[in-house]
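Coordinate analysis (summary)
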Amino acid sequence: MLVNQEHPCHGTVCSACDRPLGSSYVRHVSKQERYCDYDCYSQQTVIDMLWPRRGPFEAIAVLTAVAGWSWVFQMGALSRSLAEAYLREYDLLTPEGGDR
């Protein structure tokens, strides 16, 4: 929301660059954050999309989950490769007539 001709509470600064706010500023309605202009707001929005501001425990949980899934996928690929190699070897060891 663009706020014109309304001074914010005294001592209020931009959430992105820490400059004091003037009589015209941008306010994010749901987060109640204030920005000195649209450029600061758009830059902070891009940064929030790339790396959301959350607690350190949530960041650790997300990174642990990503590492866990990565490990699962790697083990799945390894087991498929080993199974394919075994089946290829089994086909080479099978006699021509189909006798075992």
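The preceding data block contains the structure.
As the structure is a prediction and not an experimental result, all values here were calculated from the model.

Reading the values: the criteria
Residues numbered from 1 in each chain as written. Predicted model: local features only at pLDDT ≥ 70, side-chain atom pairs only at ≥ 80, totals over all residues. Heavy atoms only, no water. Buried < 20%, exposed > 50% of the residue type's maximum accessible area, 1.4 Å probe, protein only. Helix = DSSP H or I, 4+ residues; strand = E, 2+ residues; numbered from the N terminus. Pairing = 2+ DSSP bridges. Phe/Tyr/Trp six-rings, centres within 6.5 Å; stacked < 30°, edge-to-face > 60°. Expected span 1.5 Å × (residues − 1). Arc of directions from axis to C-beta. Contact = heavy atoms within 4.5 Å.

Next up on the list: the pairing of strand E2 (residues 25-28). Of the two faces of E2, both are covered, the one formed by Tyr25 and Arg27 as well as the one formed by Val26 and His28. Inspection of the sheet shows E2 paired to strand E3 (residues 33-35) by three bridges, in the antiparallel sense. Opposite Arg27, over in E3, you have Arg34 as the bridge partner. Counted along the chain from E2 to the antiparallel partner E3, the turn is four residues long, and its residue Gln32 has a positive phi close to 60 degrees.

Along the chain, the position of Tyr38 falls in helix H1 (residues 38-50). Sequence separation between Tyr38 and Arg27 is 11 residues, and the spatial gap between their C-alpha atoms is 9.5 Å.

Once that is clear, we can look at the packing of aromatic side chains. Aromatic rings in a pair are described by how distant their centres are and how their planes are angled relative to each other. This model, assessed by the stated rule, comprises three aromatic pairs. When the ring of Tyr38 is compared with that of Tyr41, the centres are 5.9 Å apart and the planes differ by 45 degrees; the resulting orientation is tilted. Pair noted here: Tyr38 and Tyr41 are both in helix H1, with a separation of three residues, about one helical turn. Tyr38 sits in the exposed class, given a relative accessible area of 56%.

What follows concerns H1. Along its 13 residues, H1 runs 19 Å from first to last C-alpha, staying within 8% of the 18 Å computed at 1.5 Å per residue. Among the residues of H1, Cys40, Gln44 and Asp48 are the ones counted as buried. Viewed end-on, H1 has its buried residues packed into an arc of 70 degrees, placing them on one side of the element. Facing away from the buried side of H1 by more than 90 degrees, the exposed set consists of Tyr38, Gln43, Met49 and Leu50.

Most of the time, phi is negative for any residue but glycine, and the peptide bond is trans. With a phi close to 65 degrees, Asp18 is a non-glycine residue in the positive phi region. Position of Asp18 relative to the elements: it lies in the loop between strand E1 (2-3) and E2. For Asp18, a relative accessible area of 56% translates into the label exposed.

Topologically, His28 is positioned in strand E2. For His28, a relative accessible area of 18% gives the class buried. Discounting chain neighbours no more than four positions away, the residues touching His28 are Glu33, Tyr35 and Tyr41.

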